[in-house]
There are 2 protein chains.
Amino acid sequence: MEIDTTHSPHAHLKTIPLKNVSVRDGFWSGRQATNHDIGLKHAYRKLEESGNFNNLKLAAGSGVGEYHEPPFMDSDIYKWLEAVSYELVNSPDPELENMVNDAIDLLAAAQQENGYLNSYFQVVKPEKKWQELAMGHELYCAGHLFEAAVAHHRATGKTVLLDIACRFADHIDAAFGPGKRDAVPGHPEIELALVELSRETGEQRYLKLAGFFIDQRGRGKMIGATPFDAGYHQDRVLVREAEIVEGHAVRQLYLLAGVADVYLETGEKALLEVAKRLWRDMTARKMYLTAGFGARHYGESFGEAYELPSDTAYAETCAAIANIMWNWRMLAITGEARYADLIESSLYNGFLSGISLDGQRYFYVNPLSSQGGIERSEWYGCACCPPNVMRQIALLGHYIATTRENGLQIHQYIASDIAADLGHSNPVKVRLETSYPWEGKGQLVIEETDESPWELALRIPPWCDEASVQIGDKVIDVSTNAGSYAKFKRTWKPGDMAQLHLQIRPRFIKPNPRVDAIRSTLAIAYGPLVYCFEGIDQPEGVSLSDVRLRPSISPKAIWREDLLGRVMEIKAQGAVENMSSWEDMLYRTLSPASPSYQDLELTATPYYAWANRVPGTMRVWIPCI
Amino acid sequence: MEIDTTHSPHAHLKTIPLKNVSVRDGFWSGRQATNHDIGLKHAYRKLEESGNFNNLKLAAGSGVGEYHEPPFMDSDIYKWLEAVSYELVNSPDPELENMVNDAIDLLAAAQQENGYLNSYFQVVKPEKKWQELAMGHELYCAGHLFEAAVAHHRATGKTVLLDIACRFADHIDAAFGPGKRDAVPGHPEIELALVELSRETGEQRYLKLAGFFIDQRGRGKMIGATPFDAGYHQDRVLVREAEIVEGHAVRQLYLLAGVADVYLETGEKALLEVAKRLWRDMTARKMYLTAGFGARHYGESFGEAYELPSDTAYAETCAAIANIMWNWRMLAITGEARYADLIESSLYNGFLSGISLDGQRYFYVNPLSSQGGIERSEWYGCACCPPNVMRQIALLGHYIATTRENGLQIHQYIASDIAADLGHSNPVKVRLETSYPWEGKGQLVIEETDESPWELALRIPPWCDEASVQIGDKVIDVSTNAGSYAKFKRTWKPGDMAQLHLQIRPRFIKPNPRVDAIRSTLAIAYGPLVYCFEGIDQPEGVSLSDVRLRPSISPKAIWREDLLGRVMEIKAQGAVENMSSWEDMLYRTLSPASPSYQDLELTATPYYAWANRVPGTMRVWIPCI
């Protein structure tokens, strides 16, 4: 998940190692603390209870009882190992370190002599290794192992897990490749992981193997049974000839992250072109307002263009995470603000809705409306999302800033301390203070710098129509930079400050008229936050199904210390339609009679915080009158 | 499928045997002829090619090669046998009769000594009989055998297939029941079939067994693996306590047909109450305008209330047929016009869209909009729909009229000759002449009657706001009877006529505002026909995604001899929205700018006839301005 583009020849921006960034008090730090203190430790118990560790013990010869499916149970452990590794950087913890060491010992014991490591195929189907690539998740699990190993190496400097990963990667590299065996991984993931393993070890074979796996797609070479079509697996066309995002959303987005990763190292234009083409298709036609991806439950997949139902939205939490991974790479390649904008939207909406406010329950699916009854779960039989959420939260610091040719770029307004290597004799140290996203005020305080000039770039979000930066006595209007970066190059001194003011007001969002599911509706946003209306917050007896918004009256923001862990609440003027003439009727001949309404005040709260009280009704989009 | 309520103690209306009704020239007769001449014979070849017959040969010990799944392949043969039986009544045909005899010989050879008959469990899983009731379709296939056997007996008077059915029914009755084994059929169907088998044979055990299967549901007794939840199988609650239609639509509707059938014989109020409750839930909250049922591809199932997306609608052809079956029983029970109204809507829309105009290709799924690329198929791997369509078309005459206490009720305006037993010394014979649904004119000519008075009841459709009946010189305004029956009791003489005039004009249909997917849209209907807009009929270069209707201007109907096998085409005034300001944008902050439009004329054609030219775009619901 963490990438290191400092030596990538085709990176426009260089990433900053996680160890050089500390998330400080603010919107996110409490979530990191809960992840550290509760989430990761709770997950360790769940991995024990659910049989993930026992599966590896069975592979190592020390387990008892039955193997627990699904076949990709190992990957839950790997994502958890990766999350803990990041957290060991953020905040060392002997208890977590012991847990990690035990897990690594188990992996070492389970790994075969020849480097192979996959508990499912070792225990359940030893004769089927590499023969069920479509749905067996063998290469997918390997990819998550590689990501965990890189993270663990960076966190601890130890090579024990990295060695396990490299032995397995070498085993895979010996099996697959030009002149060896073909392979289309049924679930992309290994591609991006191999590139990062290559960056960490310097081993070029891993990069080439990643490229090979990408090249294999769309040639009818997938092996093993699958209930799905080629599009589900992104195997319908050659990767370089793809025109649309399609199929299983997480698969598609992991693949695109891998494509971007290979581009970062090879600079092959066709790869960047397809990534940009698919980004356009996705963001212009197949994305929820919440930066959720996957319109369909069937196949957990992207729908057709403009097929974006609110109620049956899939919008898997893992897809929001995969989208952040892909866009982070696109940002590194291009330096264009739109990728950071989308990361922000994913973080505050489609991703964050995936975990409860108390940090202990998860959503796999994130719809944009509910008739009630939807509740988060502590864990899932298919538990891909919880440990994915954990690694995302632990790695938050990674997404705040980058460097480039004597410049520091601030992408996310997350309170933090950053030490950035700008090529000077010492790192430049800055402190980012902000109460974002509740207020648009923030300041970047220069704490350490030498006398060489450098450029500070601040992302001005696209929705911000009133923005300024004050440096010293000078206030610079940066409203015209909305959707890009405001840049300030000068010789900075310790104690200098860039004070940012982004005007945040509640705003109505209108959807493209081609999206049938939300025609004639509006949503409310506040800064990067998408809002929703929960039934519990509306006047008593009023059904969310029948309320309407009056867009002519501006909504008001009200700070609530006591609600949903401190949020900005939004009040909007609306009405409720009198539905008595429709009783028991779905359709009727059009008549000139107009509907009748009763005025009322509607209350909206951040989408990420929904379903934290009662499992009640919710809507993001409200019809307007 | 055909039911005989003439002796059912709780029937308000008595059905007329198929042999007493001949469909004459008109909208439907050509479809029946194609079904007879092409469909049924084509199906026989498909049943050979697809392995259905060979499966039975394998069971009989004379087959070669592998068994062909799915496990319910026998039911395709049974539905085809039932369809051919009806057609042998409509129009005798030695070729079809030979095919039927061959198939019956095969069934006789395959049936076990003890009466058991199911090729899948005999050939593939002999040790698993009655152990995979959830998804094995064993009792489902038995039900279709029983329906076929009753139809064949009525058509030919021969008992050979009826004997096979009764031997199997006796075998099942010996296995299941109070004091014997429990069983929840995973796919309802046997319930309604057992009741009809009971009516045909007089055997009360079959009726009791049907009631037993209904009683078993909702008690956690289902056995065998299933990937679905209890709601999918209508096994979540006791049948008598159900509040909503849910789960797999065909399963739900076959079950409700069985519930109604049991009520017809037993008169148990709780069964009628649940049937009426679920009818209300379905028609008020979960029905497409086309009388299509099943909002979701996942589980081919009903969605939540008001979840009725046009693009991802499932609306399986078999569900439309199952709905006709259920409503026909509800009509027999109550005599209420709303059930006949819904049968009409299903016949002309959600059912008829399931077969191509040339009668050779089928739709399994019937969406209400398409971005293109959807084509009918000659047959399906899961071929439930084609033979179901065949039996429905062959049985059309059954749905036209009923009798009751010296009265004749006309439910469907299908040109036909009807001989009705009103308890007089001779049957009353009438001829129904009509060019419905294109024109609302028709006449019922009394051809034979004696001098006893009897009552003629004519259904006046609910959409008809101008209707009259002329008898002799007298014109009676029956507009106030819309949604019920206009009744005329008198002493009729041969040559008397009741001339019906139903004013049919194109009309706009408005959806309930709670249906998100079609908010602010309108559809067009003409008589019982729902219309749609196909991309091919609109001005060149205009995308259906961007067109709008102007409801202030009345649409016009134009007769087209040359289009889609003769249809009424409808022209409506509309506009196309200039979408340039939305390029590559899904969402944006609300601004005061109004959209700009260019006027144009839109063309609508009957929904049933869509996808008969190019696999292009289509919409039923068009946004209005």
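Predicted model, so just to flag it, every value in this text is computed and none were measured. (Residues numbered from 1 in each chain as written. Chains lettered and ligands numbered in written order. Predicted model: local features only at pLDDT ≥ 70, side-chain atom pairs only at ≥ 80, totals over all residues. Heavy atoms only, no water.)

Student: Please clarify how the interface of chain A and chain B should be interpreted in this entry.
Tutor: How big an interface is tends to be expressed through the accessible area that disappears when the partners come together. Taken together, the contacts link 52 residues of chain A with 52 residues of chain B. Summed over both sides, the interface of chain A with chain B buries roughly 4300 Å², with 55% coming from carbon and sulfur. In this structure, the connection of chain A to chain B is made through six salt bridges. Asp584(A) is paired through a salt bridge with Arg280(B); the nearest N and O atoms lie 2.5 Å apart. Elements with a contribution of two residues or more to the side of chain A that touches chain B: helix 11 (269-285), strand 14 (506-511), strand 15 (521-526) and strand 20 (587-589) of chain A. Residue composition of the side of chain A that touches chain B, grouped by class: 25 nonpolar, eight polar and 19 charged. (Contact = heavy atoms within 4.5 Å. Buried area = accessible area lost by both parts, 1.4 Å probe. Salt bridge = Lys/Arg side-chain N within 4 Å of Asp/Glu carboxyl O. Helix = DSSP H or I, 4+ residues; strand = E, 2+ residues; numbered from the N terminus. Nonpolar A, V, L, I, M, F, W, Y, C, P; charged D, E, K, R; others polar.)

Student: Would you take a moment to explain the environment of His501(A) for this structure?
Tutor: All names here are of chain A. In this fold, His501 is placed in strand 13 (residues 497-502). Not counting chain neighbours up to four residues away, the residues in contact with His501 comprise Gly440, Lys441, Glu466, Ala467 and Ser468. Polar side-chain contacts of His501 include one of 3.4 Å to the side chain of Gln503. (Polar contact = N/O pair within 3.5 Å; in protein donor to acceptor, adjacent residues only side chain to side chain.)

Student: How do you make sense of the pattern of salt bridges when you look at a structure like this?
Tutor: Side chains bearing opposite charge may pair, as long as their charged atoms lie close to each other. All names here are of chain A. For the coordinates displayed, the defined rule picks out 97 salt bridges over all chains. The partner of Glu344 in a salt bridge is Arg459, and the shortest N-O contact between them spans 2.8 Å. One end of the pair, Glu344, is in helix 13 (residues 337-351); the other, Arg459, is in strand 9 (residues 454-460), with 115 residues separating them in the sequence. Across the pair, Arg459 and Glu344 agree in class, each one buried. Put simply, Glu466 and Arg505 hold a salt bridge, and the shortest N to O gap is 2.6 Å. Of this pair, Glu466 sits in the loop between strand 9 and strand 10 (467-471) while Arg505 sits in the loop between strand 13 and strand 14, placing them 39 residues apart in sequence. Of the residues examined, Arg505 reaches a relative accessible area of 39% and is grouped as partly exposed. Through salt bridges that share partners, Glu2, Arg154, Glu196, Arg199, Glu200, Asp261, Glu265 and Arg329 make up one connected network. (Buried < 20%, exposed > 50% of the residue type's maximum accessible area, 1.4 Å probe, protein only.)

Student: Looking at this structure, how should I read the environment of Ala319(A)?
Tutor: Residue and element names in this part refer to chain A. With respect to the helices and strands, Ala319 occurs in helix 12 (residues 317-334). Given a relative accessible area of 0%, Ala319 falls into the buried group. The residues touching Ala319, leaving out its near neighbours within four places in the chain, are Ala249, Val250, Leu253 and Phe293.

Student: Help me understand the relation of the copies chain A and chain B in this model?
Tutor: Here the second copy of the chain follows from the first by a rotation about an axis and a shift along it. For the pair chain A and chain B, the superposition axis carries a translation of 0.0 Å, the fit reaches an RMSD of 0.0 Å, and the rotation angle comes to 180°. Both copies of the chain, as the preceding transformation shows, are related through a two-fold rotation axis. Across chain A, the rotation axis passes nearest the C-alpha of Ala517(A), at a separation of 2.1 Å. Here 100% of the interface residues in chain A have copies in chain B that are interface residues too; the copies meet face to matching face. (Least-squares fit on C-alpha atoms with pLDDT ≥ 70 in both.)

Student: Honestly, the nonpolar core in this entry has me stumped. Any pointers?
Tutor: Soluble globular proteins: nonpolar side chains tend toward being buried together. Ranked by internal contacts, the top residues of the largest apolar core, which has 224 residues, are Trp80(A), Leu81(A), Phe146(A), Ile172(A) and Phe176(A). Here this core takes 13 residues from helix 12 of chain A, the largest share from any one element. Apart from residues no more than four positions distant in its own chain, Trp80(A) is found in contact with Leu40(A), Ala43(A), Tyr44(A), Leu47(A), Met99(A), Val100(A), Ala103(A), Pro387(A) and Met390(A). Counting residues in hydrophobic clusters, the runner-up holds 223 residues, among them Leu47(B), Phe293(B), Ala332(B) and Leu458(B). (Core = buried A, V, L, I, M, F, W, Y, C linked by side-chain atoms within 4.5 Å.)

Student: How should the pairing of strand 19 (residues 567-577) of chain B be read in this particular structure?
Tutor: In the case of a regular strand, side chains alternate between the two sheet surfaces. Residues and elements named next belong to chain B. Most of strand 19 is tucked away, with nine of its 11 residues classed as buried. Where strand 17 (residues 547-549) lies against strand 19, three bridges are found, and the strand directions are antiparallel. Within strand 19, the position partnered with Leu549 by the bridge is Gly574. Where strand 18 (residues 556-560) lies against strand 19, five bridges are found, and the strand directions are antiparallel. Looking at strand 19, one finds that Ile558 is bridged to Glu569. (Pairing = 2+ DSSP bridges.)

Student: Is there a simple way to explain the side chain of Gln216(B) in this structure?
Tutor: All names here are of chain B. Positionally, Gln216 belongs in helix 9 (residues 204-216). Among the residues examined, Gln216 registers a relative accessible area of 4% and is labelled buried. Separated by 2.7 Å, the side chain of Gln216 and the backbone nitrogen of Ala183 make a polar contact. Ignoring any residue separated from it by four or fewer positions in sequence, one finds Gln216 in contact with Asp182, Ala183, Val184, Lys221 and Asp235.

Student: Just to check I follow, could you spell out the packing of helix 6 (residues 138-156) of chain A against helix 7 (residues 160-175) of chain A for this structure?
Tutor: Each pair of packed helices can be summarised by the angle the axes make with each other and by the distance between the axes. All names here are of chain A. Relative orientation of the contacting elements helix 6 and helix 7 amounts to 145°, with a least axis distance of 8 Å. Here helix 6 runs over helix 7; the crossing is left-handed. Every residue of helix 7 that contacts helix 6 at Leu139, Ala142, Leu145, Phe146, Ala148, Ala149, Val150, His152 and His153 is listed here: Val160, Leu161, Leu162, Ile164, Ala165, Phe168, Ala169 and Ile172. Looking at the contact of helix 6 with helix 7, its residues break down into 15 nonpolar, two polar and no charged. (Axes fitted to C-alpha atoms, helices over the stretch in contact; angles between N-to-C directions. Left-handed = near helix turned anticlockwise from the far one by under 90°.)

Student: What's the story with the environment of Ala249(A) in this structure? I'm lost.
Tutor: Residues and elements named next belong to chain A. By secondary structure assignment, the location of Ala249 is in helix 10 (residues 249-266). Along the chain, Ala249 and Gly299 lie 50 residues apart, while their C-alpha atoms are 8.6 Å from each other. Residues contacting Ala249, with those up to four places away along its chain left out, are Phe293, Gly294, Glu300, Ser301, Phe302 and Ala319.

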